[in-house]
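# Structural features, examined
Residues per chain, in single letters:
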Amino acid sequence: MSTCFHCGDECRKTVITYDDKSFCCYGCKTVFDILNDNDLSYYYDLERTPGITPNTTEDTFKFLENEQIVATLLDFDEQETQVVSLLIPSIHCSSCIWVLENLNKLNPAVKTARVNFSKKTVSITYSSKSFALQDLVILLSRIGYEPYISLEDASEKKSTIDRSLLYKLGVAGFAFGNIMFLSFPEYFEVHGFWLEKFKPIFRWLMFVFAVPVVLYSGRDYFISAYKGLRSKILNIDVPIAIGISVLFIRSTIEIAMDWGTGFFDSMAGLVFFLLLGKFFQQKTYAFLSFERDYKSYFPIAVTRLLHKNEVSNSAFAKAKKEEQAQVYELKKGDRILIRNGELLPVDAILIKGQAIIDYSFVTGEAVPVIKKSGDYLFAGGRQQATPIEVEVLKPVEQSYLTQLWSNEIFSKNKQSTFESLTDSISKRFTISLLIIAIVATTIWLFIDSSVALHVFTAVLIVACPCAIALAAPFTLGNLVRIFGRHKLYIKDSSVIEKLAHIDIVVFDKTGTLTSSIKNTITYEGITLTEDEKSLLTSTVRASNHPLSRSLYDILEKNNIQTLDDFKEEVGQGITGVINNHTIKIGSYGFVDTSQKKINQIHHRTTVHVSTDNIYKGCYVFYNEYRDGVKEVFDQLKTTTKLVILSGDNDGEKEYLTQLLPKKTILLFNQKPEDKLTYIKHQQELGQQVLMIGDGLNDAGALAQSDVGIAISENVNVFSPACDGILDASRFKDITQFLLLSKKGIRVIKHAFIFSLFYNLIGLGFALTGNLAPVVAAILMPLSSISIVVFTTSITYLLGRKLNTSNHT
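Residues numbered from 1 in each chain as written. Predicted model: local features only at pLDDT ≥ 70, side-chain atom pairs only at ≥ 80, totals over all residues. Heavy atoms only, no water.

With that out of the way, let us pick up the pairing of strand β21 (residues 581-586). Strand direction decides the pairing type here: strand β20 (residues 573-578) and β21, joined by 6 bridges, are antiparallel. The partner of Ile574 across the bridge, within β21, is Ile585. Remark: 2 residues form the turn of the hairpin made by β20 and β21, two consecutive strands paired antiparallel; Asn579 in that turn has positive phi of roughly 55°. Pairing geometry for β21 and strand β22 (residues 605-611), over 4 bridges, is antiparallel. Note that in β22 the partner of Gly586 across the bridge is His608. (Pairing = 2+ DSSP bridges. Helix = DSSP H or I, 4+ residues; strand = E, 2+ residues; numbered from the N terminus.)

Structure below.
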């Protein structure tokens, strides 16, 4: 089978040959023509089959005719020059960057275009005199780079990048290097006339370099320690703040009294390595959003139908009786038009048209719902048939879907209820440190009181838990990167620590255990003749119902005929006639005209068939379960409790009972609030809960759980608020991710023991009153570097094992 020269997909249905190249559709061929005609064919030299198949109609972006909407999207608009930043999820390679940054060759109105590959955005400057934003977006869509514009883009909030940690790290590193340089002569006791003459100046220069390290680079440790003490919590920052303070104060006294050079180098090194660990831990995925709510999914605008009095007064609407209105402007009583594939952003009443609403995005129920005129429609449903006219009942802020976000769980900070391993150890460490310092000082008061203060400060200096504080950041930070390489994108490193303590794993079914892009369809009944198959294929081809389209995709396309008659009854089925032969396709009651209810199938998605009023059988639609579902459950059953919370009906309960371990809890017809309540109840029983879901209906459960992971076919666009995003292709690795998290915690514990070895050596020097600056300058960085090397190398080896398990 040939592959498309543009996008690389297999040419399954048709093969379009042009210029000795094969294309899967006319869309790909058109993009090739556009690029080739504008001298942009180098696009195909950078990467093999780099393109994306365009599938957008111009009506998709009619809302960009509204000037108010355009104004909310623009970054700059002055002197006929406009600048806009657009999210392009399909950016994936160097060819994408090259063609987007050469848009001016496709249209001279485009002045410049700059791609941010990590965020998958492009900032475009263009002349608005002859080229509107709508024209720009349509141009991008025509070449396969359709922008993703949602209601969230209409908000005034702009994301800002916090680079303060980077600045603090730079200041600490600069100061550390210079202080070490100035300290070398005293380390090696080098004497000379000029060195002795300028020694006080060198020491005060060290003080000057040390001040910004304490007041700027290290201030977060003092703030955290203060907040901890105020809350009666001894976190790891308390002994760190004590160590930094003692190092700075003692060093300042020593150079002021001309007793020595002090420990400024050790202090700057301590802060530098701590910040380095924090920087390493702060791995972010700029192209992902872990905080999405309904605004990220709702359209920015809809088509509003104007009343007669509005039409006469509207200059825009003289030629047509509709306008593009922002979703936030909709009010009760407005009439809006919802086209095929569009999301309903408000609660409404159906006025006109055939409504087949897919609520899987909200409820998890996979089967579309048939609605008739006068029926209530909830926000979040996606229309699957021809355009419908609805009347708004509630504005977007008051809709059912929006109210899901009013739950307090969405404003709750998960981290505030979780105590990390480092913080739990720091309690004992801080108390032990102070006891050792006080006891040692008391003993030295009787032996030699002049040495007592020196011993007290020395204990606090060498026992500063720098190495302990570095163990978790470098271990967890490295695991975040390893997980990312295997397509589990973690919000922050603390999530991995929580994963190691999970007691219950809760799965959604539809879209999580099952694939959202594949269905298994089987036929049960009397074998159809070739003529009946032809009649069936020709009839379902004429229907726009989702089940008809799915059925048509699997049927052979041979001998398709023109129907003599076709009729579709909403909520019942369709009828086709060819040469006086009739076929009925739909629900059992519609198809079977006899009174015998043979083999009626309950709670399963079925399409029944009869020809010439003789019942033949039915096509049964099964969700196709992801590869590795059984293996994942079998591996998890020994360590965790397993639960499935599904918004779908219990039609597949029997199948799941056979597929999954016996003790798996199966709960169906679960509304979003039911899922949240179940997880909250388990947490009240002291259980740590991992929730794995996919849709907006799982958002409450994902937020309530201790760890919420969203599984996604496309990690760039659709994922609710969560702690991590897992590429659907790596579902089978869930057990390995949990196991690796537990091993990571063991690595941290071993690193703690390792770091105590250095603390004991340092205490030997401190308790005997023999701690010299050169000893501290060697011991403290050495302990930090050793911990970094140990944790990084071990986690790297663990990551290699994960690679090996994936290949076996």
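There is more to say, and it comes next.
Here the focus is the sheet that holds strand β11 (residues 355-358). Spatial strand order, β12-β11-β14: 3 strands in an open sheet with antiparallel pairing. Both outer strands of the open sheet, β12 (369-371) and β14 (382-383), are each paired with one neighbouring strand and no more. Here β11 runs beside β14; their pairing, made up of 2 bridges, is antiparallel. Within β14, the residue paired with Asp358 across the bridge is Arg382.

Where nonpolar side chains cluster on the molecular surface, the patch consists of Ile431, Ile435, Val439, Ile443, Leu445, Phe446 and Ile447 and spans about 740 Å² of accessible area. For Ile443, a relative accessible area of 46% corresponds to the partly exposed category. (Patch = residues over 30% accessible without salt bridge, like charges linked within 9 Å, V, L, I, M, F, W, Y side chains within 5 Å. Areas by Shrake-Rupley, 256 points an atom, 1.4 Å probe, with all protein chains shown as cover. Salt bridge = Lys/Arg side-chain N within 4 Å of Asp/Glu carboxyl O. Buried < 20%, exposed > 50% of the residue type's maximum accessible area, 1.4 Å probe, protein only.)

The next point concerns the confidence of the model for the chain. Across the chain, the average pLDDT comes to 79, with 80% of residues at or above 70. Looking at the elements of the chain, mean pLDDT is at its lowest for helix α11 (residues 308-313), recorded as 49, and at its highest for strand β17 (residues 504-507), recorded as 94. This model gives residues 311-320 a pLDDT under 50, and the stretch forms 9 contacts once residues within four places in sequence are excluded. (pLDDT = per-residue confidence, 0-100. Contact = heavy atoms within 4.5 Å.)

Now for the nonpolar core. The nonpolar side chains of soluble globular proteins are, as a tendency, buried together. Within the largest apolar cluster, 102 residues are counted, with the highest numbers of intra-cluster contacts made by Leu499, Val505, Phe507 and Leu690. For this core, the element with the highest residue contribution is helix α15 (residues 466-485), accounting for 12 residues. If you look at the next biggest cluster of nonpolar residues, it comprises 46 residues, including Val70, Cys96, Leu100 and Val115. (Core = buried A, V, L, I, M, F, W, Y, C linked by side-chain atoms within 4.5 Å.)

Turning next to unusual backbone geometry. A positive phi angle, near 55°, is found at Asn579, a position not held by glycine. Locating Asn579 in the fold gives a position in the loop between β20 and β21. By relative accessible area, which is 55% here, Asn579 ends up exposed. Although it is not a glycine, Asn580 adopts a positive phi angle of roughly 70°. Assignment of secondary structure puts Asn580 in the loop between β20 and β21.

Turning our attention to the side chain of Asp733. Along the chain, Asp733 falls in the loop between β28 (724-727) and α24 (734-767). Taking the relative accessible area as the measure of exposure, Asp733 reaches 4% and is therefore buried. Within the structure, Asp733 has its side chain in polar contact with the side chain of Arg730 (distance 2.8 Å). (Polar contact = N/O pair within 3.5 Å; in protein donor to acceptor, adjacent residues only side chain to side chain.)

Looking now at the packing of aromatic side chains. One pass over the full model with this rule turns up 17 aromatic pairs. Aromatic side chains Trp204 and Phe207 sit 5.4 Å apart centroid to centroid with 80° between the ring planes, which places their arrangement in the edge-to-face category. Placement of the pair is Trp204 and Phe207 together in helix α7 (residues 193-217), with a separation of 3 residues, close to one helical turn. Classification of Phe207 as partly exposed rests on a relative accessible area of 21%. Centre to centre, the rings of Tyr588 and Tyr615 are 5.4 Å apart; their planes meet at 65°, and the pair counts as edge-to-face. Here Tyr588, found in helix α19 (residues 588-591), pairs with Tyr615, found in strand β23 (residues 614-625); they are 27 residues apart in sequence, far enough to count as distant. When sorted by exposure, Tyr588 lands in the same class as Tyr615, which is buried. In this structure, Lys168 is placed above the aromatic ring of Tyr216, and the distance from its NZ or CZ to the ring centre is 6.0 Å. (Phe/Tyr/Trp six-rings, centres within 6.5 Å; stacked < 30°, edge-to-face > 60°. Lys NZ or Arg CZ within 6 Å of the ring centre and 35° of its normal.)

With that out of the way, let us pick up the sheet that holds strand β27 (residues 707-712). Strands sit in the order β16-β28-β27-β26-β17-β24-β25 across an open sheet of 7 strands; the sheet is mixed. Two strands lie at the open edges of the sheet, namely β16 (488-490) and β25 (665-667), each paired on one side alone. The average angle at which neighbouring strand axes cross in this sheet is 20°, direction not considered. Pairing of strand β26 (residues 689-693) with β27, which is carried by 4 bridges, proceeds in the parallel orientation. Within β27, the position partnered with Leu690 by the bridge is Val707. (Axes fitted to C-alpha atoms, helices over the stretch in contact; angles between N-to-C directions.)

Per the stated rule, a full pass over the model turns up 4 cavities of 30 Å³ or more. Of the voids in this model, the second largest cavity is the one considered here, and its volume is about 80 Å³. Along the walls of the second largest cavity sit Leu488, Leu499, Leu690, Ile692, Ile709, Leu726, Ile734, Phe737 and Leu738, which together make up its complete lining. Secondary structure elements with two or more residues in the lining of the second largest cavity: β26 and α24. Here the element with the most residues in the lining of the second largest cavity is α24; it accounts for 3 residues. Among the residues making up the lining of the second largest cavity, the classes are represented as 9 nonpolar, no polar and no charged. (1 Å grid on protein atoms, 1.4 Å probe; cavity = no way out; pocket = protein on both sides within 12 Å on 5 of 7 lines; lining within 4 Å. Points joined across faces, edges and corners; volume = space filled by probe spheres on them. Nonpolar A, V, L, I, M, F, W, Y, C, P; charged D, E, K, R; others polar.)

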